[in-house]
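Coordinate analysis (summary)
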Amino acid sequence: VDYAAHVGHNFMLQSGSREQRVVTTLGDVGAAVLCGAFSTFLGVMLLALSKSYVFRVLFQTFFLTVVLGLAHGMLLLPVLLCLVGPASYKSA
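Residues numbered from 1 in each chain as written. Predicted model: local features only at pLDDT ≥ 70, side-chain atom pairs only at ≥ 80, totals over all residues. Heavy atoms only, no water.

In this section: the packing of aromatic side chains. On inspection of all chains with the given rule, the structure shows three aromatic pairs. Arranged with centres 6.4 Å apart and planes meeting at 50°, the rings of Phe-41 and Phe-59 form a pair that is tilted. In this pair, Phe-41 sits in helix 2 (residues 18–48) while Phe-59 sits in helix 3 (residues 53–84), placing the two residues 18 residues apart along the sequence. Owing to a relative accessible area of 24%, Phe-41 belongs among the partly exposed residues under this scheme. In this structure an aromatic cluster arises from ring pairing among Phe-41, Phe-59 and Phe-63. It is Arg-21 that lies over the ring of Phe-11; its NZ or CZ is 3.9 Å from the centre. (Phe/Tyr/Trp six-rings, centres within 6.5 Å; stacked < 30°, edge-to-face > 60°. Helix = DSSP H or I, 4+ residues; strand = E, 2+ residues; numbered from the N terminus. Buried < 20%, exposed > 50% of the residue type's maximum accessible area, 1.4 Å probe, protein only. Lys NZ or Arg CZ within 6 Å of the ring centre and 35° of its normal.)

Structure, rendered in structure tokens:
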């Protein structure tokens, strides 16, 4: 949710066509979102090496949350915003 929220909020702050706003949004917050996902992955990486079942399941949960959140925030949401995105806050 956090990754998509950053992308969606920045998209609403941009002006121009939907395509221009998506490109500008990914340029503005794309690197920060990727760094956030990577740092979260690094933070839970040691759980994968644990012999405890509970910690390995916790790692799998965090890993899938990060991967799916990143995919939705950086792939699915920009495509949807480009196709059917709302008007920006500036035009309202």
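Among the nonpolar cores identified, the biggest contains 12 residues, and these are Tyr-3, Val-7, Phe-11, Met-12, Val-22, Val-29, Val-33, Ala-37, Val-66, Met-74, Leu-77 and Leu-81. Contributions of two or more residues to this core are made by helix 1 (2–13), helix 2 and helix 3. Ignoring sequence-local partners within four residues, the contact set of Val-7 consists of Thr-25, Val-29, Val-33, Gly-73, Met-74, Leu-77 and Pro-78. (Core = buried A, V, L, I, M, F, W, Y, C linked by side-chain atoms within 4.5 Å. Contact = heavy atoms within 4.5 Å.)

Direction vectors running N to C along helix 2 and helix 3 enclose 175°, while the axes themselves pass 10 Å from each other. Relative to helix 3, the element helix 2 is oriented roughly antiparallel. Each residue belonging to the contact of helix 2 with helix 3 can be placed in one class, and the counts come to 23 nonpolar, two polar and three charged. (Axes fitted to C-alpha atoms, helices over the stretch in contact; angles between N-to-C directions. Parallel < 35°, antiparallel > 145°, perpendicular 65-115°, else oblique. Nonpolar A, V, L, I, M, F, W, Y, C, P; charged D, E, K, R; others polar.)

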